Amino acid sequence: MTSQLMSLAVRSWVRLWARPRALPEQLYERIRAANETPRRFYFVLATDAAADYEALQQLLRQEPWRTVGARNTSDERIICLQKWAGWLRNRLDHRLPDDLRQLVMEQFSLAANDVDAELIPVSVFWGRAPEKESSFLRVPFAVTWSDMGIVRRMLAVMFNGRSLVIQFGEPVSLRSMFGDAQDAALASRRVARICRGLLHRQRAAVIGPEIASRSNIVAQVLRAQAVRQAMRSEMRTKNLTRRQAIHAASACVKEIAANYSHTTVNVLSRLLSHVWNRLYDGVELHHLDNLRAVVEGNEVVYVPCHRSHMDYLLLSHTIYQKGYAVPHIAAGINLNMPVIGSILRQGGAFFIRRSFAGNALYTAVFTRYLGVMMARGHAIEYFIEGGRSRTGRLLQPKTGAITMTVRSFLRDPGKPVVFVPVYFGYERIVEGNTYIGELSGKPKRKESFLGVLRTIPALRERHGKVHVSIGEPIFLDPLLQQYAPQWRESVVEDKPVWLNPLVNDLSERIMRHINSAACVTPINLLALVMLATPKQAMIEVDLIRQLDLYASMLKHLPYSSLVTVTGMDGTAIVQYGEQMQLLKRQTHPLGDVISMTEEKAILATYFRNNILHLMILPSAIASCFLSNRSVRTEDIQRLAWRLYPYVRDELFLRWSEEELPAVVLDILRMLNTHGLLESLDDGATWTRPRVGSAAAVQLSMLAQISMQIIERYYLSISLLLKAGSGKISQDALEQQCFLMAQRMSLLYELNSPEFFDKSLFKNFYDLLRKRGVLGVNAEGRLTYTDMLFAVADDAQLVLHEQIRNSVLQVTHR
């Protein structure tokens, strides 16, 4: 009687305070569709805790959930794997529940074609606060109530009722859980075991593992054999005492380690919700199913592109709002500022130095810390580009963090490791003006608390929408099987010979998967079109026509199934660009002229580069027709083959060189469908539209998208040929290219620092050396073969004579 009164009191209290929220939000639609077929649904709870049970009942009494499993009575829809027993309900009864046993027996007795039952694992989270591992004072925000009395349960309901999350798992066929069980008793035990596993993984995905105190983490890291060995080496090389070495290692751990606080995360979540509503017109998350498919039962490593300081906050906030655990984020040590650094640590950030070179102790400590976090089941997040992209392109990946992740897994292989690429798409970034200044040669401003305060006025401006797109996950195990099939059976060395090739392959795959999840916004399309014009100005009708063309091309032949394209038409995009103050309009009797100021145009290069990889091949093929009315298919294929390796390396394109011929043919057919090319001789030759026609203008503008890249390649080759083989070092040549491109930009192009970014020249020459086109002699100077002349000759077929003369003129001194 007492336990019944206690349950009644808790349930009444829950009805008063609880406002349950169901996650995932899309699951109901799938269940409703499945419910139209003859089957029954049952919801499975871990225990019959009165508050959890009543919260689920409250949700199931609401629309639309009340229709799910309506063939059952309300009580029959819920199965509790364990029940609280005893006079005060203070111990768990671990025996199989009667209702589960009875359900299994019913299914055993039914024919194979009779109605199947579906079990849906359900977890109830009151505030989603992970339990402190060594806390003696349990606050009422905890999610588990295994040792709570009635008063504390009611307080927890009152405090957390408004942040109550009910997480539903995917429906699982009851019969599929039976396996080869020959009787109902064995099948019942197997079903209960599977359900407990599903609920455990569900809980870990939502709230993460138990959080160890910072002192426990420090102790675990310092006890590691690799760290002790590094400490002994430090003692020998620097003549330190054992106490000093321990102090140095401990200082490294404390500099690195996060200090996660659920209270801080909860407060930041509410605060950021207000900030995003004020700063952005919305934050859209795409392809959450890619995350949902891997988050349970795997060690998740988020690897997003890095475009803004907002990236840290946006991904964590978005994941948290969708019901998943906040990852521990690797943040640059430059962000460990007073006040800000402490808040970031409590939000899950751990800090990493820009360089580990020459510091074996720090390297060992960081690697072990990463391993401890992974072993405990914490999701990890880091930016493999190293720093933020100033050009809008993806940067060449820094492989240090990937290497440490793989080595940590090899030392202590636990749950399978899966890398989740994430694409960020902004329509305006807070740091835009700063990026342009840095590319122009201004020194990078050091982050500081006052610097953060200076950005506050920018929060008043309109920044459009933000898109967060989850790319296709990459599992580590298949790569390990590819590069080291016997790695589990053999003793893995600290740095096996196959590690670097695996890491390089993995890093490039991550970058390609990020680009494959791109989001095409109205701002991206406007930048793509307007920057292809000489003065960044167009007649409105022509602009709308070109915008509609690009949107149609991207939808007709999608770069990948994960690319999303704005649903706006050309007219709406132009209006949106005016609202965002990217465009300005000049009225004219013959048709309004839409233009950009030079300042806006320079900033627009960033957003063009976000999606440049989606249009680079169609544009490069279109460029073949700038100086040629007709071009044979075999010539187009040869030019594409010549150009593709360098563009693929620069823009992380998804196709292999073996796939390129088929891709080129698909693009040619797509251009034909849109009226930009005409096929002759059954596809053996292609011809452009009549000069002066609208289609000819559209084809010419499409070609301009890739022209800067081709010009930069031609400039790089021309300077090397002018210097001569074995006459100049790569460093000196890169500096010449930078200066010449800068001069060319001032004379002929939009004065955009992105055109003469030094890193682009370095990467181009590095790839020429990697492919054997260039070599290095004993004096460290670049040599080349006749193949370089062939590349220059092919460029003449693509580049207009005026452009070639401009390049040659600017290189003449």
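You'll find the structure just up there.
Nothing here was measured: the structure is a model prediction, and the numbers come from that model.

Colleague: Can you break down the overall build of the protein residue by residue, with the values?
Modeller: The secondary structure content of the protein amounts to 31 helices and 25 strands. Split into buried and exposed, the 813 residues of the protein put 55% on the buried side. Nonlocal contacts in the protein, meaning residues at least 24 apart in sequence, comprise 77% of its contacts between residues at least 6 apart. Taken as a whole, the protein presents about 36,100 Å² of accessible surface, with 53% of it coming from carbon and sulfur.

Colleague: Summarise the sheet that holds strand 17 (residues 537-539); cite the residues concerned and give the values.
Modeller: Spatial ordering of the open sheet is given by 17-20-19, a layout of three strands whose pairing is antiparallel. Each edge of the sheet is formed by a strand with only one pairing partner; in this case those strands are strand 17 and strand 19 (584-586). Each strand of the sheet is rotated relative to its neighbour by a mean of 25 degrees, with strand direction disregarded. Pairing analysis gives three bridges linking strand 17 to strand 20 (residues 593-595), with the strands arranged antiparallel. Considered in strand 20, the bridge of I539 is made with V593. Helix 21 (residues 540-556) contacts strand 17, strand 19 and strand 20 of the sheet and is inclined by roughly 95 degrees relative to strand 17.

Colleague: Describe the packing of aromatic side chains, with residues and values.
Modeller: A complete count under the given rule lists 17 aromatic pairs for this structure. Between Y646 and Y713 the ring centres are 6.3 Å apart and the planes differ by 65 degrees, which places this aromatic pair in the edge-to-face class. One end of the pair, Y646, is in helix 25 (residues 633-651); the other, Y713, is in helix 27 (residues 694-723), and 67 residues separate them in sequence. The residues Y646 and Y713 share a single accessibility class, namely buried.

Colleague: Explain helix 14 (residues 360-375) to me, and be specific about the residues and the numbers.
Modeller: The end-to-end C-alpha distance of helix 14, which contains 16 residues, comes to 22 Å, matching closely the 22 Å that a straight helix rising 1.5 Å per residue would cover. Of the residues making up helix 14, those classed as buried are L361, Y362, A364, V365, F366, T367, Y369, L370, G371, V372, M373 and M374. Positive phi appears at G377, one or two residues downstream of helix 14, with a value of about 95 degrees.

Colleague: If you had to explain the packing of helix 20 (residues 522-530) against helix 21 to someone new, which residues and values would you point to?
Modeller: Each packed pair of helices is defined by two parameters, the angle between the axes and the distance between the axes. It is the contact of helix 20 with helix 21, at a shortest axis distance of 10 Å, that shows an interaxial angle of 120 degrees. In this view, helix 20 runs oblique relative to helix 21, as classed from their interaxial angle. Helix 20 and helix 21 meet at a crossing whose hand is right-handed. Across the interface between the two elements, L525, L526, L528, V529 and M530 from helix 20 touch L543, Q546, L547, Y550, A551 and L554 from helix 21. Each residue belonging to the contact of helix 20 with helix 21 can be placed in one class, and the counts come to ten nonpolar, one polar and no charged.

Colleague: Give a description of the environment of E106 that names residues and reports values.
Modeller: Within the fold, E106 resides in helix 4 (residues 98-109). Using a relative accessible area of 31% as the deciding quantity, one classes E106 as partly exposed. Each C-alpha atom, one on E106 and one on A184, is 9.0 Å from the other, the two residues being 78 residues apart in sequence.

Colleague: Outline the environment of E472, supporting the account with residue identities and numerical values.
Modeller: Within the element layout of this structure, E472 appears in the loop between strand 14 (465-470) and strand 15 (474-475). Considered as a pair, E472 and D289 are 183 residues apart in the sequence and their alpha carbons are 9.8 Å apart. Apart from residues no more than four positions distant in its own chain, E472 is found in contact with N290, P421, H513 and L562.

Colleague: Could you give me a rundown of the sheet that holds strand 22 (residues 678-680), with the residues and numbers involved?
Modeller: One open sheet holds the three strands; their spatial order is 21-23-22, and the pairing between them is antiparallel. Here the strands that pair on one side only, and so sit at the sheet edges, are strand 21 (630-632) and strand 22. Taken over all neighbouring pairs, the strand axes of this sheet differ in orientation by 30 degrees on average, direction set aside. Bridge count for strand 22 against strand 23 (residues 685-687) is three bridges, and the pairing is antiparallel. The residue of strand 23 that forms the bridge with S679 is W686. Of the strands in this sheet, strand 21 and strand 23 are in contact with helix 25, which crosses strand 21 at around 75 degrees.

Colleague: How would you explain the pattern of salt bridges if you had to name every residue and give the values?
Modeller: Using the criterion set out here, one finds 18 salt bridges in the structure. The partner of R101 in a salt bridge is D98, and the shortest N-O contact between them spans 3.1 Å. Placement of both R101 and D98 in helix 4 is noted, with a separation of three residues, approximately one turn of the helix. Residue classification places R101 among the partly exposed residues on the basis of a relative accessible area of 31%. E234 serves as the salt-bridge partner of K238, at 2.9 Å between the closest nitrogen and oxygen. Within this pair, K238 and its partner E234 are both found in helix 8 (residues 225-238), separated by four residues, close to a single helical turn. One continuous salt-bridge network, built from bridges that share partners, spans E540, E578, R585 and D592.

Colleague: Could you give an account of unusual backbone geometry, with specific residues and numbers?
Modeller: Comment: phi is negative for the bulk of residues other than glycine, and the bulk of peptide bonds are trans. The phi torsion at Q536 lies on the positive side, around 50 degrees, for a residue other than glycine. Within the secondary structure, Q536 is located in the loop between helix 20 and strand 17. In this structure Q536 comes out as buried when scored by relative accessible area, which is 8%. Phi is positive for Q581, close to 60 degrees, though the residue is something other than glycine. Mapped onto the elements, Q581 comes out in the loop between helix 22 (570-579) and strand 19. The class of Q581 is exposed, set by a relative accessible area of 55%.

Colleague: Requested: an account of the nonpolar core, with residues and values cited.
Modeller: Ranked by internal contacts, the top residues of the largest apolar core, which has 187 residues, are Y382, F419 and Y550. Residue contributions to this core peak at 13 residues, all from helix 27. The contact partners of Y550, leaving out residues within four places of it in the chain, are L525, L528, V529, M615, M701, L702 and I705. Core analysis: the second largest hydrophobic core is formed by 24 residues, F43, L45, L56 and V157 among them.

Colleague: Break down helix 15 (residues 400-411) for me, citing the residues and quoting the values.
Modeller: The end-to-end C-alpha separation of helix 15 is 17 Å, in line with the 16 Å expected for twelve residues at 1.5 Å each. For helix 15, the tally of buried residues reaches ten of twelve residues, placing the bulk of the element in the interior. Buried within helix 15 we find A401, I402, T403, M404, T405, V406, R407, S408, F409 and L410. Looking at the buried residues of helix 15, the elements they touch are strand 9 (299-304), helix 14, strand 13 (417-426), helix 18 (476-483) and helix 19 (499-515).

Colleague: I'd like to hear about the packing of helix 7 (residues 214-223) against helix 8, residue by residue, with values.
Modeller: Packing of helix 7 against helix 8 brings their axes to within 5 Å, and their N-to-C directions diverge by 70 degrees. The orientation of helix 7 relative to helix 8 falls into the category roughly perpendicular. Listed contacts from helix 8 to V221, L222 and R223 of helix 7 are Q225, V227 and R228. When grouped by side-chain class, the residues that make up the contact of helix 7 with helix 8 number three nonpolar, one polar and two charged.

Conventions used here
Residues numbered from 1 in each chain as written. Predicted model: local features only at pLDDT ≥ 70, side-chain atom pairs only at ≥ 80, totals over all residues. Heavy atoms only, no water. Helix = DSSP H or I, 4+ residues; strand = E, 2+ residues; numbered from the N terminus. Buried < 20%, exposed > 50% of the residue type's maximum accessible area, 1.4 Å probe, protein only. Contact = heavy atoms within 4.5 Å. Areas by Shrake-Rupley, 256 points an atom, 1.4 Å probe, with all protein chains shown as cover. Pairing = 2+ DSSP bridges. Axes fitted to C-alpha atoms, helices over the stretch in contact; angles between N-to-C directions. Phe/Tyr/Trp six-rings, centres within 6.5 Å; stacked < 30°, edge-to-face > 60°. Expected span 1.5 Å × (residues − 1). Parallel < 35°, antiparallel > 145°, perpendicular 65-115°, else oblique. Left-handed = near helix turned anticlockwise from the far one by under 90°. Nonpolar A, V, L, I, M, F, W, Y, C, P; charged D, E, K, R; others polar. Salt bridge = Lys/Arg side-chain N within 4 Å of Asp/Glu carboxyl O. Core = buried A, V, L, I, M, F, W, Y, C linked by side-chain atoms within 4.5 Å.

It is worth stressing that arrangement in space is one thing and function is another; only the former is reported here.
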